[in-house]
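Here are the chains, one letter per residue:
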Amino acid sequence: MRRKKNAKKGIQFCLMVCGASGTGRTTFVNTLCQKTVLPHIDSDAPPYLDGENTGEPSVKIKPVTVELELDEEGTRVSLTIVDTPGFGDSIDNEASFGEISSYLERQYDDILAAESRIKRNPRFRDNRVHVLLYFVQPTGHGLRELDIELMRRLSPRVNVIPVIGKADSLTPLELAESKKLIIEDIEHYRIPVYNFPYDIEEDDEDTVEENAELRGLMPFAIVGSEDIVEVDGRRVRARQYPWGTVEVDNPRHSDFLAIRSALLHSHLADLKEITQAFLYENYRTEKLSKSVSNAADGSGGAAYGSVEDGSLDPQSLATQSVRLKEEQLRREEEKLREIESKVQREINEKRQELLARESQLKELESRMMREQTPSQPTVEEDESEAGAS
Ligand SMILES: Nc1nc2c(ncn2[C@@H]2O[C@H](COP(=O)(O)OP(=O)(O)O)[C@@H](O)[C@H]2O)c(=O)[nH]1
Ligand SMILES: [Mg+2]
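The structure presented is a predicted model; accordingly, all values stated were derived computationally and were not measured. (Residues numbered from 1 in each chain as written. Chains lettered and ligands numbered in written order. Predicted model: local features only at pLDDT ≥ 70, side-chain atom pairs only at ≥ 80, totals over all residues. Heavy atoms only, no water.)

With that out of the way, let us pick up the sheet that holds strand β3 (residues 76-83). The strand order β2-β3-β1-β4-β5-β6 describes an open sheet built from six strands, whose pairing is mixed. Of all strands in the sheet, those with a lone pairing partner are β2 (63-69) and β6 (220-221), marking the two edges. In this sheet, β3 lies alongside strand β1 (residues 11-19) in parallel orientation, the contact comprising seven bridges. Bridged to Phe 13 within β3 is Leu 79. This element, helix α5 (residues 172-188), spans β4 (131-136), β5 (160-164) and β6 of the sheet and lies at about 155 degrees to β5. (Pairing = 2+ DSSP bridges. Helix = DSSP H or I, 4+ residues; strand = E, 2+ residues; numbered from the N terminus. Contact = heavy atoms within 4.5 Å. Axes fitted to C-alpha atoms, helices over the stretch in contact; angles between N-to-C directions.)

This is how it looks when you write it as structure tokens:
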């Protein structure tokens, strides 16, 4: 049933890719979608800079939406990809951190505003990001400070899944070691990544097994390729080297299939659910509660910079204005509700009146019928007599 419905309506899902330049984000996206969704000009360079050269790279995050048909049954996903400019080279990382986190928050603000509207906009598009794939460079080591900071800062706003980009540049041993080091770092720095949560007591055996398996693969080893290569008569996505071929879809070569199926099939709903019920709710509470600026655990705070003179920082100001607007909307809504119930009351009264009239009319009608009935045969008799003569 659900599948049929999904096929008809299309599921909406939003994926953000993030990481240093050259970690294979663009290639991964095109591999995932099996078509060129992101152009292969380096999206990290010129297009992301504002035309005017002010010296400040102003990052532009532009989502792209593609319709993907996932299987023969026609299951479709409307996948929105959000590529973020790479960092780690010359760009000021602070600026791109700020850009990314404010992009995430902007999508929450949009829905917050949409929810408080009296009249809903039927064309409103929910652009909340459901998952962020963070591309770690294939250095063979653990996380860099930059990786730690970014994932820590963004994980309160989005489900973060760490992956190792261009994993084929590591030997199997190096890859295994690197995965181990990265997981150790994630645990040590308590980065709340999305770890395929399960509950041994509550969940069924299959779910537990599946999630444990996926958790065991983290960080996923990604190999992407836009080339189709013939291997043993099969045409597959692969990277060809003088010494051999790395097949994207081969689980012995990379974790691409595992992450693809987790994102687009098995964990799509869970990622959306956590975004809605946990991440967005938290943001909403933070935003609407007065203590928002104190509550921020330093994450995000630095991006906005608290103002020295004790006045409110932009975040609190924004919060306040949203709150005021919300209050105003609520009052207007209340007024409208009052009017509505008054009209409803009037309608009810009129309906009662109408019903009363109706029954009066019915009574009158039946009285008339009763009065008419006895005289009818005489009329007929007269008529037939008249006809006979
Ligand atoms: N070895 C290897 N190279 C890759 C892989 N994916 C992309 N590349 C190459 O790495 C370079 C940067 O890739 P790109 O997708 O543009 O990275 P982005 O800057 O993160 O978007 C390109 O030359 C790609 O061909 C991969 O999985 N393995
Ligand atoms: Mg790119």
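After presenting the structure, the write-up continues.
Evaluation of the coordinates by the stated rule reveals seven aromatic pairs. When the centroid spacing of 5.6 Å and the interplanar angle of 65 degrees are considered together, the rings of Phe 28 and Phe 135 count as edge-to-face. Note that Phe 28 is positioned in helix α2 (residues 25-33) and Phe 135 in strand β4, a separation of 107 residues in sequence. The same class applies to Phe 28 and to Phe 135, which are both buried. Note on Tyr 108 and Tyr 280: the rings are 5.6 Å apart at their centroids and 45 degrees apart in plane angle, and the pair reads as tilted. Remark: Tyr 280 occurs in helix α8 (residues 268-288) and Tyr 108 occurs in helix α3 (residues 93-116); sequence separation between them is 172 residues. Each of the two residues, Tyr 108 as well as Tyr 280, counts as buried. (Phe/Tyr/Trp six-rings, centres within 6.5 Å; stacked < 30°, edge-to-face > 60°. Buried < 20%, exposed > 50% of the residue type's maximum accessible area, 1.4 Å probe, protein only.)

Read from one edge to the other, the open sheet built from three strands follows the order β7-β8-β9, with strand pairing classed as antiparallel. Of all the strands in the sheet, the pair left with one neighbour each is β7 (228-231) and β9 (244-247). Ignoring which end each strand starts from, the neighbouring axes of this sheet average 70 degrees apart. Pairing of β7 with strand β8 (residues 234-241), which is carried by four bridges, proceeds in the antiparallel orientation. Of the residues in β8, the one forming a bridge with Val 229 is Val 236.

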